[in-house]
Protein chains: 2
Amino acid sequence: MAESTPTSTPQRGPERRPDLATNLRVAVLRLSRRLRNESTLEVSEAQHSVLSALFHLGPMTPGKLAEHDHVQRPSMTRTVASLEERGLVTRETDPVDKRSVVVDVTAEGRALVKEIKRRRNAWLDKRLAKLTAAERQVVAEAAAILRRMVEQ
Amino acid sequence: MAESTPTSTPQRGPERRPDLATNLRVAVLRLSRRLRNESTLEVSEAQHSVLSALFHLGPMTPGKLAEHDHVQRPSMTRTVASLEERGLVTRETDPVDKRSVVVDVTAEGRALVKEIKRRRNAWLDKRLAKLTAAERQVVAEAAAILRRMVEQ
DNA sequence: TATTGTTATACTCTATAACTATA
DNA sequence: TATAGTTATAGAGTATAACAATA
């Protein structure tokens, strides 16, 4: 059964028709690029990622944020500092362990996360609206499958 | 018929179940991030984009490359310079219009593009292989739909 | 004049290494 | 000693403004 839908890059021929992996790779990379470039506001992607993590997961230390975003701690120090300067997050020393700092998103930060989400969804909605209902159904099912796949 | 598959961000309720745009947005942004981070070799995404454009579309001026990648020309000057230093592209003055420069990808550059594509597809294939055949079929159809959608 | 590309300059994100404060 | 975070420093990508060469 598994081989009825080949997933691998062709190895036997020199240049075959694009396979599933290639189609998915191109679709995802292009769509993500447009999403990032055309519907972000005044924050960089690095800043947005931090705001979004704090928004969805709650207050966190810079170390945890660095781990979450797969960046080094000094990089996160700078990103958090820039967000604090702009009033989008707060930094407070942990009273129990005074080495630690707890970062939290401010009301303004929350509003910005929501606004960016709204813009990105609006950008997508405009394009999804041009598909047929059947196509949207396929995309909806695939989105659920891919979310599950990427989170494993 | 169109309203049987709602695409819009919910406006009437305070927090509804994730809609299609949200699901797709999260799936695409996370998948693209893992694809970029976990299966790239020794070139940045900016450099890879240039190599890939030259590989697939043929020799091009820095101006055309900048336009293709939606960056400013001075940025492309730097990226092309770094690629030339590493022997991945060549730069030659156009004999007809001596203001222009023609950039082309070298054999080494081509090999690198193929290797990165191979790695990214392999990374995806490993995950796609864990899906059922029916799920892969849905993802394949969605990839085709999304490629068409994003290119409009 | 207009166009192509580069240089000058600055800002952000990234990294590694070394440092401070606390545990 | 070990850990959390920062500072020091450097490299890459991005931008705008100004410049050179060519059309």
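Our subject is the structure listed above.
Residues numbered from 1 in each chain as written. Chains lettered and ligands numbered in written order. Predicted model: local features only at pLDDT ≥ 70, side-chain atom pairs only at ≥ 80, totals over all residues. Heavy atoms only, no water.

Counting residues at the interface gives 53 residues for chain A, matched by 53 residues for chain B. Carbon and sulfur atoms supply 65% of the area buried between chain A and chain B, which totals about 5,600 Å² over both sides. The three residues of chain A that bury the most area against chain B are A:R147, A:M149 and A:V150, which together make up 11% of that side's buried surface. At the junction of chain A with chain B, the criterion picks out two salt bridges. At the boundary of chain A with chain B, the tally comes to 13 residue pairs in polar contact (both at pLDDT 80 or more). Going through the elements one at a time, α1 (20–38), α5 (107–128) and α6 (133–150) of chain A are the ones with two or more residues in the side of chain A that touches chain B. Among the elements that take part in the side of chain A that touches chain B, α1(A) stands out by supplying 17 residues, more than any other. Along the lines of polarity and charge, the residues of the side of chain A that touches chain B split into 24 nonpolar, twelve polar and 17 charged. (Contact = heavy atoms within 4.5 Å. Buried area = accessible area lost by both parts, 1.4 Å probe. Salt bridge = Lys/Arg side-chain N within 4 Å of Asp/Glu carboxyl O. Polar contact = N/O pair within 3.5 Å; in protein donor to acceptor, adjacent residues only side chain to side chain. Helix = DSSP H or I, 4+ residues; strand = E, 2+ residues; numbered from the N terminus. Nonpolar A, V, L, I, M, F, W, Y, C, P; charged D, E, K, R; others polar.)

To continue, consider unusual backbone geometry. As a rule of thumb, non-glycine residues mostly have phi less than zero, and peptide bonds are mostly trans rather than cis. Backbone geometry places A:H70, a non-glycine residue, at a positive phi of 55°. Tracing the chain through its elements places A:H70 in the loop between α3 (62–69) and α4 (73–85).

Below, the discussion takes up the relation of the copies chain A and chain B. Take chain A, turn it by 180°, move it 0.1 Å along the axis, and it overlays chain B with an RMSD of 0.1 Å. Look at the turn and shift together and you get a two-fold axis relating the two. When the interface residues of chain A are mapped onto chain B, 98% of them again lie at the interface, so the same face is used by both copies. (Least-squares fit on C-alpha atoms with pLDDT ≥ 70 in both.)

Once that is clear, we can look at the packing of aromatic side chains. Scanning the entire structure with this criterion turns up zero aromatic pairs over all chains. The ring of A:W123 carries the charged tip of A:R127 above its face, separated from the ring centre by 4.0 Å. (Phe/Tyr/Trp six-rings, centres within 6.5 Å; stacked < 30°, edge-to-face > 60°. Lys NZ or Arg CZ within 6 Å of the ring centre and 35° of its normal.)

With that out of the way, let us pick up the protein's contact with DNA strand D. DNA strand D sits among 24 residues. The nearest are A:T77, A:R91, B:S44, B:Q72 and B:S75. Atoms of DNA strand D within 4 Å of the protein: sugar and phosphate make up 59%, bases the balance. A distance of 2.6 Å separates a phosphate oxygen of DNA strand D from a polar atom in the side chain of A:R91. Between a phosphate oxygen of DNA strand D and a side-chain N or O atom of B:S75, the distance comes to 2.8 Å. Of all the secondary structure elements, the ones that give two or more residues to the surface near DNA strand D are α3 and α4 of chain A together with α2 (45–57) and α4 (73–85) of chain B. For the surface near DNA strand D, the per-class residue count stands at seven nonpolar, nine polar and eight charged. (Near = heavy atom within 4 Å.)

It is worth spelling out the pairing of strand β2 (residues 101–105) of chain B at this point. All names here are of chain B. Judged by which residues are buried, β2 turns out to be one-sided: V101, V103 and V105 face inward and are buried, whereas V102 and D104, on the alternate face, are not. Relative to β2, strand β1 (residues 89–93) is paired through five bridges, and the arrangement is antiparallel. Bridge pairing in β2 links V89 to V105. (Buried < 20%, exposed > 50% of the residue type's maximum accessible area, 1.4 Å probe, protein only. Pairing = 2+ DSSP bridges.)

The periodicity of an α-helix, 3.6 residues per turn, causes residues three or four positions apart to be oriented the same way. All names here are of chain B. Given a rise of 1.5 Å per residue, 13 residues ought to cover 18 Å, and the 18 Å separating the end C-alpha atoms of α4 matches this to within 8%. Restricting attention to buried positions, one finds in α4 the residues M76, T79, V80 and L83. Taken around the axis of α4, the buried residues stretch over an arc of 95°, which confines them to a single face. Exposed residues pointing more than 90 degrees away from the buried face of α4 are listed as P74, T77, R78 and E85. Close packing links the buried residues of α4 with α2, α3 (62–69), β1 and β2. (Expected span 1.5 Å × (residues − 1). Arc of directions from axis to C-beta.)

Residue and element names in this part refer to chain B. With respect to the element layout, P62 can be found in helix α3. With relative accessibility at 19%, the residue P62 sits in the buried group. For P62 and M76, which are 14 residues apart along the polypeptide, the C-alpha to C-alpha distance reads 6.3 Å. With residues up to four places along the chain from it excluded, the contact list for P62 reads M76, V101 and V103.

Around DNA strand C lies a shell of 24 residues, among which A:S44, A:Q72, A:S75, B:T77 and B:R91 are the nearest. Close to the protein, within 4 Å, the atoms of DNA strand C are drawn from sugar and phosphate at a rate of 59%. One of the backbone nitrogen or oxygen atoms of A:K98 is found 3.1 Å away from a phosphate oxygen of DNA strand C. Separating a phosphate oxygen of DNA strand C from a side-chain N or O atom of B:T77 is a distance of 2.8 Å. Of the residues in the surface near DNA strand C, the class split is seven nonpolar, nine polar and eight charged.

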